[in-house]
2 protein chains.
Amino acid sequence: MNVFLIGTGLIGGSFALDLKSVMKRARIFGIDQSEKHLDEALENGLIDERAEWEDLPKADFVYLAIPVDASLKVLPEILDLVKDDCLVTDAGSTKEQLCKTVEGHPKRRNYLAGHPIAGTEFSGPSAALHGLFRNKTNIICEVEKTAFKLQERALEVFNAIGMRIRYMDPASHDRHIAYVSHLSHISSFMLGKTVLEKEKNERDIFDLAGSGFASTVRLAKSSPAMWTPIFNQNKKNVLETLDEYISNLQQFRDLMENDNFEEVYNEMEKTNHIKDVLNGITQDEQLKLLENGK
Amino acid sequence: MNVFLIGTGLIGGSFALDLKSVMKRARIFGIDQSEKHLDEALENGLIDERAEWEDLPKADFVYLAIPVDASLKVLPEILDLVKDDCLVTDAGSTKEQLCKTVEGHPKRRNYLAGHPIAGTEFSGPSAALHGLFRNKTNIICEVEKTAFKLQERALEVFNAIGMRIRYMDPASHDRHIAYVSHLSHISSFMLGKTVLEKEKNERDIFDLAGSGFASTVRLAKSSPAMWTPIFNQNKKNVLETLDEYISNLQQFRDLMENDNFEEVYNEMEKTNHIKDVLNGITQDEQLKLLENGK
């Protein structure tokens, strides 16, 4: 099987590593606009060889993992080039515009819209991790628009590397993911900004910051090149989450200002319940591990 | 040495565990208003026996680790009771009011104001961890107001359990810690609130939330009983940080609204620099490990 990896960064590279361990006969071709990334991807064994755009007709499986603005441009071009039984899937964090872009494409049935909920705050081929996708969710949108045989091929691979599948329509995906992912990134970036602005003498941050601060600003290390187009494409939903977040912060601030610390307590106590939600994630992952162990 | 642990939760309990491993002859007496906590602390070997308020005159070392509103009330009472060469230190997250409360106390010299930058989002005796304080910073305020011999006794213990020491005045402590700790907690609680309010069907959160979300809302599991009085005592500084944070979020929101994604990119790119700050924390900890290894 000829697998074409378009984008050899954290997500594409990690996918290639997992794919190689479950499909020994897969040959992985890398396409990336960065020569440096291609070199790194070869050195780290993420890809078997470099490829060019004009090699795409020999692909059986294309995995697209590049910033979402670039995906809008290249996905139709990829579909133009691939053969009739080639599966094309992607890892983009927004799905509505991308699905719209190809809805009338003659090879729409070759495309499966995906979004693996996996990643770290690092980027580039050297950030690729074996096992990054194990027990993670891959959200699939508009599955009914993909050819049945290609759905099957995709699910086989996703199952083999340990992902669970959830199906959603693109609009719901973008709305939900604005809350549980995009907002977290902005909250983290702005927290980092606020503290950096204030604490010019960074030595003070080193000494006073604990693991709590590190945890809340971790996502502020993420790649702006990846995140800017995500916020752009998901603007409506992200603005809505930001307005609600700002309003909640403002309300908390006013409770403090007015010395209503009973309500400050209640606000936190009600939200403590997030424990169960987060434990739910963990238990769910444990359950999956047990299932996999059978 | 008779050590009195007042408050047998996460911080007090972890301190007791570390103390026992470096001072074999220490006998640890526990005082806690919760019978359940005292039972747990005994069962988990955090304390050797329960004690009462009236036993305090036999203490050589008192470690106070209770919510900061309760500390304001009990620290003067503890100082009233202890003998002349007893060291009293604490772990409270705010220092200005507490230092003010005891500034005229006849036994002010027995007290060393401390704040270990260590903890987890969990609470209670069963959350105590051995080694929690290793390579963590203990901020000491107004060290010059503590008797020299008692400073020495405290530093010996803090060094033995692997803490590094930084000296600050209480007002600077409270101002800096509002940025690198208190604000993180509010940002996390309000993020949790925003998402919980929106996502009534929690099953959706389980499936869509990744490690990024978990990391940014982790602190929303923290104890409201501990954090409400912290925000109350540090109200002025926390309001200032919140206003700056809200203003940064609002500005980011407006850039998005106005489709100024070039500036959205720049905002994130400038803040990416937080990497170096966080790496600084890590390198500093590594350096300390090397030093300890000598």
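Counting restarts for each chain: residues are numbered from 1 in the order of the written sequence. Chains and ligands are labelled sequentially in the order written, the chains with letters from A and the ligands with numbers from 1. Under the rules for a predicted model, residues below a pLDDT of 70 receive no local features and side-chain atom pairs below 80 are neither given nor counted, while totals for whole chains, interfaces and linings still include all residues. Only heavy atoms go into the side-chain values, all of them from the structure, while hydrogens and water stay out.

Chain A has the name Prephenate dehydrogenase in an unreviewed UniProt entry, where Christiangramia oceanisediminis is given as its organism.

A.B. asks: Looking at this structure, I do not really get the overall build of chain A. What am I missing?
C.D. replies: Assigned secondary structure in chain A consists of twelve helices and eight strands. The C-alpha atoms of chain A give a radius of gyration of 21 Å, which matches the 19 Å a tight globule of 294 residues would have. Once the C-alpha set of chain A is aligned to its principal axes, its extents read approximately 70 × 40 × 40 Å. The buried share of chain A, reckoned over its 294 residues, is 60%. As displayed, chain A offers around 11,800 Å² of accessible surface, 49% of which is attributable to carbon and sulfur atoms. Chain A carries 35 positive and 46 negative side-chain charges, and their two centres are separated by 5 Å. Numbering of helices and strands starts at the N terminus; helices are DSSP runs of H or I of at least 4 residues and strands are runs of E of at least 2. Based on C-alpha atoms, the radius of gyration is set beside the globule rule, defined as 2.2 Å times the residue count to the power 0.38. Relative accessibility thresholds used throughout: buried, under 20% of the residue-type maximum; exposed, over 50%; partly exposed, between the two (1.4 Å probe, protein chains only). Here, Shrake-Rupley sampling with a 1.4 Å probe gives the accessible areas, and only protein chains in the shown set may cover a residue. For the charge count, each Lys or Arg is scored as positive and each Asp or Glu as negative, with His and the chain ends excluded. Each charge is placed at NZ for Lys, CZ for Arg, CG for Asp and CD for Glu.

A.B. asks: Honestly, the nonpolar core in this entry has me stumped. Any pointers?
C.D. replies: One broad trend across soluble globular proteins is that nonpolar side chains are buried collectively. Buried residues of nine kinds, namely Ala, Val, Leu, Ile, Met, Phe, Trp, Tyr and Cys, make up a nonpolar core once their side-chain atoms join them within 4.5 Å. Val62(A), Phe231(A), Met256(A), Val62(B), Phe231(B) and Met256(B) are the most contacted members of the largest nonpolar core, which totals 120 residues. The contacts of Phe231(A), once residues within four sequence positions are left out, are His182(A), His185(A), Ile186(A), Val238(A), Phe252(B), Met256(B), Phe261(B), Val264(B) and Met268(B). The next biggest cluster of nonpolar side chains, apart from the first, holds 35 residues, and it includes Leu10(A), Tyr63(A), Ala91(A) and Ala118(A). Residues count as neighbours in contact if any of their non-hydrogen atoms are within 4.5 Å of one another.

A.B. asks: Even after reading the chapter, I still don't get the relation of the copies chain B and chain A, so can you show me in this structure?
C.D. replies: Both copies of the chain are placed relative to one another by a rotation about an axis and a shift along it. Copies are brought into register by a least-squares superposition over C-alpha atoms of residues with pLDDT of at least 70 in both. Of the transformation superimposing chain B on chain A, the axial component is 0.0 Å and the angular component is 180 degrees, with the fit at an RMSD of 0.0 Å. Such values leave the two copies arranged in the relation of a two-fold axis. Within chain B, the C-alpha atom positioned nearest to the axis of rotation is that of Thr216(B), 2.2 Å from it. When the interface residues of chain B are mapped onto chain A, 100% of them again lie at the interface, so the same face is used by both copies.

A.B. asks: Help me understand the sheet that holds strand β7 (residues 137–141) of chain B, please; the structure alone is not making it clear to me.
C.D. replies: The strands making up a sheet are joined through hydrogen bonds of the backbone, oriented either antiparallel or parallel. All names here are of chain B. By the convention used here, strands pair only if DSSP detects at least 2 bridges between them. Overall, mixed pairing links the eight strands, which are arranged β3-β2-β1-β4-β5-β6-β7-β8 in an open sheet. Bordering the open sheet on either side are β3 (49–50) and β8 (164–168), each of which pairs with just one other strand. Summarising the sheet, strand β1 (residues 2–6) and strand β4 (residues 61–64) pair through four bridges and their orientation is parallel. Residue pairing for β4: Val3 is matched across the bridge by Phe61. Throughout, an axis means a line fitted to C-alpha atoms (over the contacting stretch in the case of helices), and angles, computed between N-to-C directions, take values from 0 to 180 degrees. Strands β4, β5 (87–90), β6 (111–116), β7 and β8 of the sheet are contacted by helix α5 (residues 148–160), whose axis makes an angle of about 50 degrees with β5.

A.B. asks: So what exactly am I meant to see when it comes to unusual backbone geometry here?
C.D. replies: Both trends apply: most residues other than glycine have a negative phi, and most peptide bonds are in trans. Phi is positive for Glu142(A), which is not a glycine, with a value near 50 degrees. Within the fold, Glu142(A) resides in the loop between β7 (137–141) and α5 (148–160).

A.B. asks: Teacher, can you tell me more about the domain arrangement of chain A here?
C.D. replies: Buried accessible area, meaning the area lost when the parts come together, often serves as the stated size of an interface. All names here are of chain A. For the domains described, the bounds stem from an automatic or database domain assignment. One can read the domain layout of chain A as domain 1 (2–168) and domain 2 (173–293). Each of domain 1 and domain 2 has a C-alpha centre, and the two are 29 Å apart. If you look at the interface, domain 1 gives 21 residues, while domain 2 gives 21 residues. For any pair of parts, buried area is found by adding up, for both, the accessible area (1.4 Å probe) each one loses once the two are put together. Counting the surface domain 1 buries against domain 2, the share from its top three residues, Glu121, Asn135 and Arg164, is 34%. Salt bridge, as used here: a side-chain nitrogen of Lys or Arg that lies within 4 Å of a carboxyl oxygen of Asp or Glu. Linking domain 1 to domain 2 there are two salt bridges.

A.B. asks: What should I look at first to understand the pattern of salt bridges in this one?
C.D. replies: Working definition: two side chains of opposite charge can pair if their charged atoms are close together. Residue and element names in this part refer to chain B. Considering all chains together, one arrives at 44 salt bridges over all chains under this definition. The partner of Glu121 in a salt bridge is Arg218, and the shortest N-O contact between them spans 2.7 Å. Separated by 97 residues along the polypeptide, Glu121 in the loop between β6 and β7 and Arg218 in the loop between α8 (211–217) and α9 (224–233) bring together distant segments of the chain. Comparing Glu121 with Arg218, the two get one shared label, buried.

A.B. asks: Looking at this model, I keep getting lost on helix α2 (residues 35–43) of chain B. Mind explaining?
C.D. replies: Residue pairs three or four apart in sequence face the same way in an α-helix, which turns once every 3.6 residues. Residue and element names in this part refer to chain B. Listing the buried residues of α2 in full gives Leu38, Glu40 and Ala41. An end-on view of α2 places all buried positions within 165 degrees of arc, on one side of the element. Turned more than 90 degrees from where α2 packs its buried face, Lys36 and Glu43 sit exposed. The secondary structure elements touched by the buried residues of α2 are β2 (27–31) and β3. In the segment just after α2, Gly45 is the residue with positive phi, at about 70 degrees. The arc in question is the one spanned by the directions pointing from the helix axis to the C-beta atoms.

A.B. asks: Explain the interface of chain B and chain A here, please?
C.D. replies: Counting from both sides, the interface comprises 90 residues of chain B and, opposite them, 90 residues of chain A. Buried surface at the junction of chain B and chain A, summed over both partners, amounts to about 8,800 Å²; 67% is from carbon and sulfur atoms. For the chain B face of the interface with chain A, the top three residues by lost area are Val180(B), Leu208(B) and Met268(B), together amounting to 8%. Along the contact surface separating chain B from chain A lie ten salt bridges. For the salt bridge of Arg253(A) with Asp243(B), the shortest nitrogen-to-oxygen distance reads 2.5 Å. Pairing of N or O atoms within 3.5 Å defines a polar contact, subject to two protein rules: one partner must be a possible hydrogen donor and the other a possible acceptor, and residues neighboring in sequence count only if both atoms are side-chain atoms. The interface formed by chain B and chain A holds 30 residue pairs in polar contact (both at pLDDT 80 or more) in total. No other element matches the 19 residues that helix α6 (residues 170–198) of chain B contributes to the side of chain B that touches chain A. Side-chain classes follow a simple rule in which Ala, Val, Leu, Ile, Met, Phe, Trp, Tyr, Cys and Pro form the nonpolar group, Asp, Glu, Lys and Arg form the charged group, and the remainder, Gly included, forms the polar group. Split by residue class, the side of chain B that touches chain A holds 42 nonpolar, 24 polar and 24 charged.

A.B. asks: Just to check I follow, could you spell out the packing of aromatic side chains for this structure?
C.D. replies: To describe a pair of aromatic rings, you give the distance between the ring centres and the angle between the ring planes. In summary, the pairing rule links any two rings of Phe, Tyr or Trp, Trp by its six-membered ring, whose centres are within 6.5 Å, and it sorts them by plane angle into stacked for under 30 degrees, edge-to-face for over 60 and tilted for everything else. Within the structure shown, the criterion is met by 14 aromatic pairs over all chains. A centroid spacing of 4.8 Å and a plane angle of 15 degrees characterise the contact between Phe4(A) and Phe29(A), whose relative ring orientation is stacked. Note that Phe4(A) is positioned in strand β1 (residues 2–6) and Phe29(A) in strand β2 (residues 27–31), a separation of 25 residues in sequence. Phe29(A) matches Phe4(A) in its accessibility class, with the two residues each being buried. Plain terms: the ring middles of Phe15(A) and Tyr63(A) are 3.7 Å apart, the flat faces sit at 5 degrees to each other, and that makes the pair stacked. Residue Phe15(A) is found in helix α1 (residues 10–22), and its partner Tyr63(A) is found in strand β4 (residues 61–64); the two are separated by 48 residues along the sequence. Given a relative accessible area of 1%, Tyr63(A) falls into the buried group. Taken together, Phe15(B), Phe61(B), Tyr63(B), Phe133(B) and Phe158(B) form an aromatic cluster joined through their ring pairs.

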